[in-house]
Structures are given as structure tokens and as C-alpha cells.
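Chain and residue survey
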Amino acid sequence: MKHEPILPGLKPAMMPWDFIRLRREAAGVSIPELARRLDDVPEHRADVERNLRIWESPGVRLKLYLLETVNRRGFPIDIEIYRQLCEDPVDHHPTLCTGCACSVWTPCTTRDGAECRHEEDGTCTACKEKAERRTTRRAA
Ligand SMILES: [Zn+2]
Ligand SMILES: [Zn+2]
């Protein structure tokens, strides 16, 4: 299925490595935790963690089988969106939240249990809620 942008040209392009990092962070999975999920041999851990950091470095594009493994054992990631970010022209990129890289096909859940919506400024309502809670806590 092809994901067309809902708000084309509104934001700078999201890069595949940003997408991986933002989806990992949105799932609340640290790099050491992801390494544990992907490889259960403790002696491999350091190598796996090093590779995972490379995955999130500029210019890196992951092979399909790696994405499938991440999706199965690590955290949910929309492989079709990743592919689009790698291959499609920027104005055909799907609209993703700049804060957590969610999309209308993979929305977050806001505090009241609703699906997030995408705001004009490029973030989603779940990220906005989180930012507001942070500001309130700082002010308190
Ligand atoms: Zn968001
Ligand atoms: Zn969202």
C-alpha cells in the first residue's frame, strides 16, 4: 500500500535514520534494551549495540530483513514508510510527526485513549500533550 502525504511539502524531509530513532524512542526502547531483544547471547551485546547506533547514523539504510527482525522482536516499525523515506522523492513522503514519527496509519494513543492527530506545525497531539506536561512540571 502506498502512503501518500496528507500535508505535502509542509515540513523538512524525515530521513530513514531519524525515523528508526524516533520510532524506537516512541516505543520507549533504549539501544541496550533493543540489543537484548534482538540477540539473546550476552557475549554479542556490545557488538549489537554498536551496530544499532550505526543504524541511526546519517546515510545508513537498513536491509529489509533487518527491519522485519526489528518489527518482530524490537518495536513496531512501518517498513513501507521506511522504504518510502529511502526511495521516494521528498514531496511524496508520508506525513510523519516530527516528534515521534507516527503517521495516520500508525497513530499514538493520547492520554485519554484517543488516536493522535497531526497538527499544522508538524507534531502530533500526543507529542504536544507530552510537551505541555513537561512545561507544566517545570513551572510547578
Ligand atoms: Zn508525535
Ligand atoms: Zn502521534
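Before going into details, it helps to say that this report is about the structure given with it. Within every chain, residues take consecutive numbers counted from 1 along the sequence as written. In the order they appear in the text, chains get letters beginning with A and ligands get numbers beginning with 1. Only residues with pLDDT of 70 or above have their local features reported here, since the model is predicted, and side-chain atom pairs are shown and tallied only from 80 upward, although totals for entire chains, interfaces and linings are computed over all residues.

**What to know about the overall build of the protein chain**
Numbering of helices and strands runs from the N terminus; a helix is a DSSP stretch of H or I covering at least four residues, while a strand is a stretch of E covering at least two. Counting its secondary structure elements, the protein chain contains 6 helices and 0 strands. Along its sequence from the N terminus, the protein chain presents helices and strands in the succession α-α-α-α-α-α. Summarising its shape, the C-alpha atoms of the protein chain cover approximately 45 × 45 × 25 Å along the three principal directions. Per-residue burial for the protein chain yields a buried fraction of 25% across its 140 residues. Here exposure depends only on C-beta density: within 10 Å of a residue's C-beta, 20 or more other C-beta atoms make it buried, 12 or fewer make it exposed, and intermediate numbers make it partly exposed, the C-beta atoms being placed from the backbone.

**Some remarks on the environment of Glu 87**
Tracing the sequence through the fold places Glu 87 in helix H5 (residues 79–87). Residues Glu 87 and Cys 100, 13 residues apart in the sequence, show an inter-C-alpha distance of 21 Å.

**Re the nonpolar core**
Under the definition applied here, buried Ala, Val, Leu, Ile, Met, Phe, Trp, Tyr and Cys residues are grouped into a nonpolar core through C-beta atoms within 7 Å. Residues Phe 19, Tyr 82, Cys 97, Cys 100, Ala 101, Cys 102 and Cys 124 are the most contacted members of the largest nonpolar core, which totals 20 residues. Those elements that place two or more of their residues in this core are helix H1 (16–26), helix H4 (64–74), H5 and helix H6 (125–139). Per-element tally for this core: the top contributor is H1, with 4 residues. Here, residue contact means that the backbone-derived C-beta atoms of the two residues sit within 7 Å. The contacts of Cys 100, once residues within four sequence positions are left out, are Leu 22, Ala 26, Cys 108, Cys 124 and Cys 127.

**Considerations on the packing of helix H2 (residues 31–38) against H4**
For helices, the fitted axis covers only the stretch in contact; all axes are lines through C-alpha atoms, and the angles between them, taken along N-to-C directions, range from 0 to 180 degrees. At their nearest, the axes of H2 and H4 sit 9 Å apart, and the two run at 95° to each other. As judged from the angle between their axes, H2 and H4 are roughly perpendicular. The residues of H4 that touch H2, namely those facing Leu 34, Arg 37 and Leu 38, are Thr 69, Arg 73 and Gly 74. Residues are grouped as follows: nonpolar covers Ala, Val, Leu, Ile, Met, Phe, Trp, Tyr, Cys and Pro; charged covers Asp, Glu, Lys and Arg; every other residue, Gly included, is treated as polar. Taken together, the residues that form the contact of H2 with H4 break down as 2 nonpolar, 2 polar and 2 charged. Oblique is the label for any angle not under 35 degrees, not over 145, and not in the 65 to 115 range, which are roughly parallel, roughly antiparallel and roughly perpendicular in turn.

**Concerning H4**
For H4, every residue scored as buried is listed here: Leu 67, Val 70 and Gly 74. Looking down the long axis of H4, one finds its buried residues gathered within 75° of arc, a one-sided arrangement. Opposite the packed face of H4, turned more than 90 degrees from it, sit the exposed residues Leu 64, Tyr 65 and Arg 72. Among the structural elements, H2 and H5 are those in contact with the buried residues of H4. Think of it as the arc spanned by the lines of direction from the helix axis to the C-beta atoms.

**Digging into H1**
Taken together, the buried positions of H1 are Pro 16, Phe 19, Ile 20, Leu 22, Arg 23, Arg 24 and Ala 26. Among the structural elements, H2, helix H3 (45–55) and H5 are those in contact with the buried residues of H1. Of the residues flanking the end of H1, it is Gly 28, one or two places downstream, whose phi is positive at about 75°.

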